[in-house]
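# Close look at the chain arrangement
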Amino acid sequence: MGQHSAETASSSSSLMTDFLRQAGGAAVIDGGLATELESHGADLNDPLWSAKCLLSSPHLIHRVHLDYLEAGADIIITASYQATIQGFVAKGFSKEEGDGKILKHRPILVAASVGSYGAYLADGSEYSGNYGDAITLETLKDFHRRRVQVLVESGPDLIAFETVPNKLEAQAYAELLEEEDIRIPAWFSFNSKDGNNVVSGDSLVECASIAESCKKVVAVGINCTPPRFIHGLILAIKKVTTKPILIYPNSGEFYDATIKEWVQNTGVSDEDFVSYVNNWRKAGASLVGGCCRTTPNTIRAIYRTMSNRSPV
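Residues numbered from 1 in each chain as written. Predicted model: local features only at pLDDT ≥ 70, side-chain atom pairs only at ≥ 80, totals over all residues. Heavy atoms only, no water.

This part covers the environment of Leu-66. On the secondary structure map, Leu-66 appears in helix H4 (residues 58–70). Separated by 10 residues in the primary sequence, Leu-66 and Ile-76 have C-alpha atoms spaced 9.2 Å apart. (Helix = DSSP H or I, 4+ residues; strand = E, 2+ residues; numbered from the N terminus.)

Laid out in structure tokens, this is it:
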């Protein structure tokens, strides 16, 4: 590694270290975006999903982000999870203050979301990680390359590679960060449906090891996974990484990819969700938030539960 690359890696890792120190050792990530947009009346039955609102109703995205900041979130994730160059082209676009609000002055990070290749397909394969033999490491790097460059040019604090379903895509992201000499730090967040492996069946430990060995990655963890699996997954990740561990589970509800709907009453309440938080912190998680079907109320409760944190 040349001196410049070493300096970049060092500054990348210090961003998260310094941020966590300023936040008192633990930070709050925001919650579900798409489901909140829908609760405000957005119709997301579209291959672009929540990214559709970037075009049709940006004011709603602004409102939901603000709701999460006022609920105590320290990290806001952008609505770019399903915003792919290929997806926008397919749609015909060219390439080219009040009660209970947490208004405490604090550093805030903006994380640019990158969803998986399976998210672009919009066929549920992000929840299986099964892309077929035709999809290679090079295919995935080519698919994500320009999109990552565009997000970097927009100037976020972090790039959030979310809901990573298999080892191949994690490897593609790691190589892309190095090949493009990306100067913005990243996190890798995997999803699991059995509490042991990522959704494709690949070993979580092997996936986390890829993140650990990539100097540009400053945190590694789990998202869009039922809360009951999180504790064991944190312990598994901790065996192979020294980086901060982040977790933002879904509400525990089941998503039926066939009918593209969440199955009602299959999740946990905000109270039950939050009851896990101290155990996750003790197990080693330092960044905690929510994913699908969690709300600003969930995040407010997490904020209040996190040790040494209290509403002002």
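Next comes the rest of the description.
Right, let's talk about helix H7 (residues 137–153) for a bit. With 17 residues, H7 should cover 24 Å at 1.5 Å per step; its first-to-last C-alpha distance of 24 Å lies within 8% of that length. Maximal helix bending in H7 amounts to about 35°, located at His-144. Buried within H7 we find Leu-140, Lys-141, Phe-143, His-144, Arg-147, Val-148 and Leu-151. Downstream of H7 by a residue or two, Gly-155 has a phi angle that is positive, lying close to 80°. (Expected span 1.5 Å × (residues − 1). Bend = angle between axes of the 7 residues up to and from the residue. Buried < 20%, exposed > 50% of the residue type's maximum accessible area, 1.4 Å probe, protein only.)

Attention now moves to the pairing of strand S10 (residues 285–288). One ladder, built from 2 bridges, connects strand S1 (residues 27–28) with S10; its direction is parallel. Within the sheet, the bridge partner assigned to Val-28 lies in S10 and is Val-288. The pairing of strand S7 (residues 245–248) with S10 spans 3 bridges and is parallel. Looking at the pairing, Ile-247 lines up with Val-288 of S10. (Pairing = 2+ DSSP bridges.)

Residues given the UniProt feature "binding site: Zn(2+)" (unreviewed entry) here are Cys-224, Cys-291 and Cys-292. Taken together, the annotated residues stretch across 69 residues yet fold into one region, lying no more than 6.4 Å apart by C-alpha. Relative to the helices and strands, Cys-291 is located in the loop between S10 and helix H13 (296–305). On the basis of relative accessibility, which here comes to 11%, the residue Cys-291 falls in the buried class. When you line up the elements, Cys-292 lands in the loop between S10 and H13. (UniProt positions renumbered as here; feature names shortened; annotations may be inferred.)

This paragraph deals with the nonpolar core. In terms of nonpolar packing, the biggest core is built from 59 residues, with Phe-161, Phe-188, Phe-190, Trp-280 and Ile-302 touching the most fellow members. The contacts of Phe-188, once residues within four sequence positions are left out, are Phe-161, Ala-170, Tyr-173, Ala-174, Leu-177, Ala-211, Val-217, Ala-219, Val-220 and Gly-221. (Core = buried A, V, L, I, M, F, W, Y, C linked by side-chain atoms within 4.5 Å. Contact = heavy atoms within 4.5 Å.)

Extensive coverage of strand S4 (residues 158–164) is indicated by the burial of 7 of its 7 residues. In the sheet, strand S3 (residues 109–114) pairs with S4 via 4 bridges, with the strands oriented parallel. Looking at the pairing, Ala-111 lines up with Leu-158 of S4. Both S4 and strand S5 (residues 186–190) contribute to a ladder of 4 bridges, which runs parallel. Residue Ile-159 lies in a different strand from S5, and its bridge partner there is Ala-186. Since S4 and S5 lie parallel, the crossover through helix H8 (residues 167–179) that links them has a hand, and here it is right-handed. (Right-handed = clockwise from strand over helix to strand, strands pointing away.)

So, on to the packing of aromatic side chains. Applying the stated rule across the entire model yields 11 aromatic pairs. Judged by centre distance (6.0 Å) and plane angle (45°), the ring pair of Tyr-117 and Tyr-120 falls under tilted. Placement of both Tyr-117 and Tyr-120 in helix H6 (residues 117–121) is noted, with a separation of 3 residues, approximately one turn of the helix. With a relative accessible area of 28%, Tyr-120 lands in the partly exposed category. Three or more aromatic residues link up through ring pairs in this structure, and these residues are Tyr-117, Tyr-120, Tyr-131 and Phe-143. Arg-228 extends its terminal NZ or CZ atom over the ring of Phe-229, reaching a point 4.6 Å from the ring centre. (Phe/Tyr/Trp six-rings, centres within 6.5 Å; stacked < 30°, edge-to-face > 60°. Lys NZ or Arg CZ within 6 Å of the ring centre and 35° of its normal.)

With that settled, the discussion passes to the packing of H7 against H8. Close contact between H7 and H8 brings their axes to 9 Å; oriented N to C, the two are set at 50°. As summarised for this structure, H7 and H8 are arranged oblique, according to the angle between their axes. Here the hand of the crossing between H7 and H8 comes out right-handed. Contacts from Leu-137, Leu-140, Lys-141, His-144, Arg-145 and Val-148 of H7 reach H8 at Leu-168, Glu-169, Gln-171, Ala-172, Tyr-173, Glu-175, Leu-176 and Glu-179. Of the residues assigned to the contact of H7 with H8, the class counts are 7 nonpolar, 2 polar and 5 charged. (Axes fitted to C-alpha atoms, helices over the stretch in contact; angles between N-to-C directions. Parallel < 35°, antiparallel > 145°, perpendicular 65-115°, else oblique. Left-handed = near helix turned anticlockwise from the far one by under 90°. Nonpolar A, V, L, I, M, F, W, Y, C, P; charged D, E, K, R; others polar.)

Below, the discussion takes up H8. Taking 1.5 Å of rise per residue, the 13 residues of H8 would be expected to cover 18 Å, and the 18 Å separating its terminal C-alpha atoms lies within 8% of that figure. Within H8, burial applies to Glu-169, Ala-170, Ala-172, Tyr-173, Ala-174, Leu-176 and Leu-177. The backbone nitrogen of Leu-168 has a side-chain oxygen 3.4 Å away, supplied by the residue at the start of H8, namely Asn-166. Remark: Asp-181 follows H8 within two positions and exhibits a positive phi of approximately 50°. (Polar contact = N/O pair within 3.5 Å; in protein donor to acceptor, adjacent residues only side chain to side chain.)

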